[in-house]
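Residues per chain, in single letters:
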Number of protein chains: 4
Amino acid sequence: MSKVSQNESVTRTPGRPRSQEARKAILESTLQLLQKTGFTDLSIEAIAARAGVGKATVYRWWPNKAELVMEAFVTAVEAELRIPTSGSAEKVIREQMKRWTRIFNSPLGKVIATVIGAGQSDPEMLRAFQRQYVEPRRTEARKLLREAMRTGEIRSNLDPDTILDILYGPLYMRLLLRHAELNSELPGLVFDIVMPGLRPVDP
Amino acid sequence: MSKVSQNESVTRTPGRPRSQEARKAILESTLQLLQKTGFTDLSIEAIAARAGVGKATVYRWWPNKAELVMEAFVTAVEAELRIPTSGSAEKVIREQMKRWTRIFNSPLGKVIATVIGAGQSDPEMLRAFQRQYVEPRRTEARKLLREAMRTGEIRSNLDPDTILDILYGPLYMRLLLRHAELNSELPGLVFDIVMPGLRPVDP
Amino acid sequence: MSKVSQNESVTRTPGRPRSQEARKAILESTLQLLQKTGFTDLSIEAIAARAGVGKATVYRWWPNKAELVMEAFVTAVEAELRIPTSGSAEKVIREQMKRWTRIFNSPLGKVIATVIGAGQSDPEMLRAFQRQYVEPRRTEARKLLREAMRTGEIRSNLDPDTILDILYGPLYMRLLLRHAELNSELPGLVFDIVMPGLRPVDP
Amino acid sequence: MSKVSQNESVTRTPGRPRSQEARKAILESTLQLLQKTGFTDLSIEAIAARAGVGKATVYRWWPNKAELVMEAFVTAVEAELRIPTSGSAEKVIREQMKRWTRIFNSPLGKVIATVIGAGQSDPEMLRAFQRQYVEPRRTEARKLLREAMRTGEIRSNLDPDTILDILYGPLYMRLLLRHAELNSELPGLVFDIVMPGLRPVDP
DNA sequence: CAATAATCGAGACGGTACGTCACGTCTTCTT
DNA sequence: AAGAAGACGTGACGTACCGTCTCGATTATTG
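Just so we're clear, the structure is a prediction, and the values are computed from it rather than from any experiment. (Residues numbered from 1 in each chain as written. Chains lettered and ligands numbered in written order. Predicted model: local features only at pLDDT ≥ 70, side-chain atom pairs only at ≥ 80, totals over all residues. Heavy atoms only, no water.)

**Observations regarding helix H8 (residues 160-177) of chain C**
Residues and elements named next belong to chain C. Between the first and last C-alpha of H8 there are 25 Å, a value that for 18 residues agrees with the 26 Å anticipated at 1.5 Å per step. Along H8, the largest kink reaches about 45° and is centred on Tyr168; proline Pro170 follows within four residues of it. Here H8 lies mainly inside the structure; 18 of its 18 residues are buried. (Helix = DSSP H or I, 4+ residues; strand = E, 2+ residues; numbered from the N terminus. Expected span 1.5 Å × (residues − 1). Bend = angle between axes of the 7 residues up to and from the residue. Buried < 20%, exposed > 50% of the residue type's maximum accessible area, 1.4 Å probe, protein only.)

**Some points on the interface of chain C and chain D**
Contact residues are listed per partner, giving 40 residues for chain C and 41 residues for chain D. Buried surface at the junction of chain C and chain D, summed over both partners, amounts to about 3300 Å²; 67% is from carbon and sulfur atoms. Three residues, Gln120(C), Leu177(C) and Ile193(C), lead the burial of chain C against chain D; their summed loss comes to 21% of the area buried on that side. Put simply, chain C and chain D have two salt bridges between them. Arg174(D) is the partner of Asp165(C) in a salt bridge, and the nearest nitrogen-oxygen pair spans 2.5 Å. Inspection of the region where chain C meets chain D yields 12 residue pairs in polar contact (both at pLDDT 80 or more). Those elements giving two or more residues to the side of chain C that touches chain D turn out to be helix H6 (107-119), helix H7 (123-150), H8 and helix H9 (186-198) of chain C. In terms of residue count, the dominant contributor to the side of chain C that touches chain D is H8(C) (14 residues). Looking at the side of chain C that touches chain D residue by residue, the class counts come to 23 nonpolar, 10 polar and seven charged. (Contact = heavy atoms within 4.5 Å. Buried area = accessible area lost by both parts, 1.4 Å probe. Salt bridge = Lys/Arg side-chain N within 4 Å of Asp/Glu carboxyl O. Polar contact = N/O pair within 3.5 Å; in protein donor to acceptor, adjacent residues only side chain to side chain. Nonpolar A, V, L, I, M, F, W, Y, C, P; charged D, E, K, R; others polar.)

**Things to note about the protein's contact with DNA strand E**
Neighbouring residues of DNA strand E: 41 residues in total, closest Ile44(A), Tyr59(A), Thr57(B), Thr57(C) and Tyr59(D). In DNA strand E, atoms within 4 Å of the protein come 67% from sugar and phosphate. Within the side chain of Tyr59(A), a nitrogen or oxygen atom sits 2.2 Å from a phosphate oxygen of DNA strand E. A distance of 2.7 Å separates a base oxygen of DNA strand E from a polar atom in the side chain of Lys55(D). Secondary-structure elements contributing two or more residues to the surface near DNA strand E are helix H2 (44-51) and helix H3 (55-61) of chain A, helix H3 (55-61) of chain B, helix H3 (55-61) of chain C together with helix H2 (44-51) and helix H3 (55-61) of chain D. With four residues, the top contributor of residues to the surface near DNA strand E is H3(C). Classifying every residue of the surface near DNA strand E by side-chain character gives 15 nonpolar, 13 polar and 13 charged. (Near = heavy atom within 4 Å.)

**So, the arrangement of the chains**
Spatially, chain B and chain C are disjoint, and the shortest separation between their C-alpha atoms is 10 Å. The two units chain B and chain D never meet; even their closest C-alpha atoms stay 34 Å apart.

**Focus on the protein's contact with DNA strand F**
Close contacts around DNA strand F come from 42 residues, with Gly15(A), Thr57(A), Tyr59(B), Tyr59(C) and Thr57(D) the closest. Within the backbone of Arg16(A), a nitrogen or oxygen atom sits 3.2 Å from a sugar or linking oxygen of DNA strand F. One of the side-chain N or O atoms of Trp61(D) is found 3.1 Å from a phosphate oxygen in DNA strand F. Residue assignment for the surface near DNA strand F shows that the elements contributing at least two residues are H3 of chain A, helix H2 (44-51) and H3 of chain B, helix H2 (44-51) and H3 of chain C together with H3 of chain D. Counted by class, the surface near DNA strand F contains 15 nonpolar, 13 polar and 14 charged residues.

**Topic: the interface of chain A and chain B**
Think of interface size as the accessible area that goes away when the parts come together; that is how it is often given. Each side of the interface is counted separately: chain A has 40 residues, and chain B has 41 residues. Note on chain A versus chain B: buried area summed over both sides is about 3300 Å², and carbon and sulfur give 67% of it. Contact with chain B buries surface across chain A, with Gln120(A), Leu177(A) and Ile193(A) losing the most and accounting together for 21% of the total. Counting across the interface, chain A meets chain B through two salt bridges. Viewed at the interface, chain B and chain A are joined by 10 residue pairs in polar contact (both at pLDDT 80 or more). Mapped by element, the contributors of at least two residues to the side of chain A that touches chain B are helix H6 (107-119), helix H7 (123-150), helix H8 (160-177) and helix H9 (186-198) of chain A. At 14 residues, H8(A) tops the list of elements feeding residues into the side of chain A that touches chain B. Per-class residue counts for the side of chain A that touches chain B are 23 nonpolar, 10 polar and seven charged.

**Considerations on the confidence of the model for chain A**
In the predicted model, chain A carries a mean pLDDT of 89, and 91% of its residues have values of at least 70. Throughout residues 1-9 of chain A the model reports pLDDT below 50, and contacts reaching past four residues in sequence, or to other chains, amount to zero contacts. (pLDDT = per-residue confidence, 0-100.)

**Here's the deal with the layout of surface pockets**
Residues and elements named next belong to chain C. In this structure, the largest pocket spans a volume of roughly 220 Å³. Among the elements that take part in the lining of the largest pocket, H3 stands out by supplying three residues, more than any other. Split into classes, the residues belonging to the lining of the largest pocket amount to three nonpolar, two polar and three charged. (1 Å grid on protein atoms, 1.4 Å probe; cavity = no way out; pocket = protein on both sides within 12 Å on 5 of 7 lines; lining within 4 Å. Points joined across faces, edges and corners; volume = space filled by probe spheres on them.)

**Section: the pattern of salt bridges**
In total, this model carries 44 salt bridges over all chains according to the counting rule given. With a closest N to O distance of 3.7 Å, Glu90(A) and Arg94(A) form a salt bridge. Of this pair, Glu90(A) and Arg94(A) both sit in helix H5 (residues 89-105), separated by four residues, roughly a single helical turn. Take Arg94(A): its relative accessible area is 27%, and that puts it in the partly exposed class. Among the ionic pairs, Arg138(D) bridges to Asp165(D), the shortest N-O distance being 2.6 Å. On the criterion of sequence distance, the pair formed by Arg138(D) in helix H7 (residues 123-150) and Asp165(D) in helix H8 (residues 160-177) is long-range, its members being 27 residues apart. Salt bridges here are not isolated pairs; linked through shared partners, they connect Glu135(A), Arg138(A), Arg142(A), Asp161(A), Asp165(A) and Arg174(B).

**Concerning the relation of the copies chain A and chain B**
Its rotation angle being 179°, the transformation that places chain A on chain B also includes 0.1 Å of axial translation and leaves an RMSD of 0.3 Å. The operation mapping one copy onto its partner corresponds to a two-fold rotation axis. A share of 100% of interface residues in chain A that are also interface residues in chain B marks the association as one of identical surfaces. (Least-squares fit on C-alpha atoms with pLDDT ≥ 70 in both.)

**Section: the relation of the copies chain C and chain D**
When chain C is fitted onto chain D, the two copies agree to an RMSD of 0.3 Å after a turn of 179° and an axial shift of 0.1 Å. Looking at chain C, 100% of its interface residues are interface residues in chain D too, so the copies touch through the same face.

**Side note on unusual backbone geometry**
All names here are of chain B. Positive phi, close to 50°, is recorded for Arg178, a residue that is not glycine. Within the secondary structure, Arg178 sits in the loop between helix H8 (160-177) and helix H9 (186-198). Classification of Arg178 by relative accessible area gives partly exposed; the value is 40%.

**Some words on the packing of helix H4 (residues 65-77) of chain C against H7(C)**
Helix packing for two helices is described by the angle between their axes and how far apart those axes are. All names here are of chain C. Where H4 contacts H7, the axes come no closer than 10 Å and their chain directions differ by 20°. Taken together, the axis directions place H4 and H7 in an arrangement best described as roughly parallel. As H4 packs across H7, the resulting crossing turns out to be right-handed. Side by side, H4 and H7 meet where Ala66, Glu67, Val69, Met70, Phe73, Val74 and Val77 of the first sit next to Glu124, Met125, Ala128, Phe129, Gln132 and Tyr133 of the second. Considered class by class, the residues forming the contact of H4 with H7 number 10 nonpolar, one polar and two charged. (Axes fitted to C-alpha atoms, helices over the stretch in contact; angles between N-to-C directions. Parallel < 35°, antiparallel > 145°, perpendicular 65-115°, else oblique. Left-handed = near helix turned anticlockwise from the far one by under 90°.)

**Topic: the environment of Pro123(C)**
All names here are of chain C. Locating Pro123 in the fold gives a position in helix H7. Given the relative accessible area of 53%, Pro123 is considered exposed. Along the chain, Pro123 and Ala66 lie 57 residues apart, while their C-alpha atoms are 9.7 Å from each other.

**Structural notes on the side chain of His179(C)**
The residue His179(C) is located in the loop between H8 and H9 in this model. Classification of His179(C) by relative accessible area gives buried; the value is 17%. At 2.9 Å, the side chain of His179(C) and the side chain of Asp165(D) are in polar contact. Filtering out sequence-adjacent residues up to four positions away, His179(C) remains in contact with Met173(C), Arg174(C), Gln130(D), Val134(D), Arg138(D) and Asp165(D).

Here's what the structure looks like:
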């Protein structure tokens, strides 16, 4: 029995290790440039230049612009991914919708819109977006709804995903189509209209 | 009195008139290439080549890729823009949602998603999309809803745009995020959940 | 019978014609950079930049650096390619050797050495060098020697090319190996040593 | 008395000694790649990879590609550098010229041409070539010629270097310009033409 | 019916960014 | 210390499109 760290032996790869400074600088300048130029006009050349990094270093670690933007985006969003509060499903969802309305109106909202937009020409990007952003939140939200169904807070014969799409759809639609303002009152209005349809029919 | 074309003061400009063959060929190849490559990878160079047209001819009539795509899109969508049926608001909207679900699943759906996607990096494009596609339909739909409010079919203290966003939001969300299937049952499910919240409270 | 220029009908190709300004600027900056940096360090990027020309314009007309350098070289050398004087073979060759000694010591000499040097790693370049530079001069020189053989000025059982290699070999050797000075006296020294072996044995 | 290594003051540096396997592998793969790709396309990256060696190991011992190639070249040529036979100057030189004709036609000839070619863009390389290859042989050849002048075998008022350039010039010229074949008969032809000019005038 | 004028195709132009390759240097662990 | 492995910033490669610009040819209206 030795003091060798068990099977967590990290087995360092040989060679010079990846520079964390470079990685961070790249992700940061990606995010900054993304906010001012949009996805299409965003060039790897400019990202590398602003990060003080060789272009090859970018290509060494990210296969294309989409993956790089996704990682930059996820890194920025990470803190926001959790559903923080607890309480009745109704209260939690209401607050969560308000929170995302604020996020959609912040610079991050522009990035989210850009990522979804880019995903329309880049299936890989859209898949990454689903996997890293949509699905984690959906999973938590579905759990919340199922629990609410069990307790009788909402009707139990509904598909959780459909409910979520009805609640969040208006927010995304206004984020992406910009046909109407995405103001702080919208979540409340939406909720008030939708809620009656969710409650059990007979008290 | 001369053979001047009557009073329909067309004031033909001198010089060779615009070639309608070229115009059609350009719009058609734009649409075709758009469906197979997405907006970003769509190049004017390729459009002109496929249309058998000089590049300058494209640039003479459309200022940029976005406008060209918009015109190609609107030309293709034109027939679908009207709300055809009449009857109770409930019935009309229900059918209209089903109809758009079908369109979203057709090749045209891909084009719509592409146009919205491109709009995220190109404000001009998004504005053209709103003006030429969203607004005409909204206007008709708003009228329909206001009439239904007047007759007491739905509650009168609601914002028509919010209602429309709740109904169509899930469709657009699935079109753009592709996180779940956009099948023919969705409109019914959405409608059944939302409708109770729209009806007048006390019978 | 019309005044149509016969079959010399130039049949212009369609499209914008090649820019002669660009062509000249490229050849000139090639020559200038070649003299200061050598072949290896000569970059198409730098040539294009100095010529105020797009890189693609260079690549449109020359497949690689070697061909470009060859054309620049030949353009510069063109005026020197003729054997100008006439008289006895002995006198003509003697003067020609002196002339090339001067050329080898001029900036053009550096270019010639560079071209031959580059040819060692680039067979295509060497072939172009032979075709465009060596062979034209050889042809004239061979003719001169054959005439001198006919008149009995030099022995008739010798291979003209061998004679030329003996006479010019020392010049090229010093140009390329730089092991000894290539001064103005060398041609005379070489000529005096070689000449006895060229004259008919018995008068 | 200590375990100090005796008086054979080799003063070994501390640390791991240089790997002779690595050195040989590098020189060998340099030579092999040189024969198949030419100097320009020869990359340190490829040499190191083929030798199974880290790039830094190459750079630790050779400052640049030119020096590395020179050492590889000299190592290969070393055995050929001596003038082996003795006898009359005429006979020795005649045989030496034949010998180099054979060498020039062997794979080594390609390497020599490559080295001279590379030297045209790399003064350092040319200097190394002179120092390590040209000069040693010249020194011996000059001595031979001066002895022949002393014995009256050849005229004494000639510059040995000029003579050598006349004799070897044609060989180098054909090696480098490839305008004519460098066959085994050439040395004899050259020698027969040049020799009369070397012999004393009056018998 | 010629002159004028705008459009057409073709394709060259000066640019910008692409994604790749090798450079020569560096940082890690191993020998 | 020297080794291999391999990441680093740098810079040129050759390519693809950008949007603009000449060309000659074509097709209309105007004098």
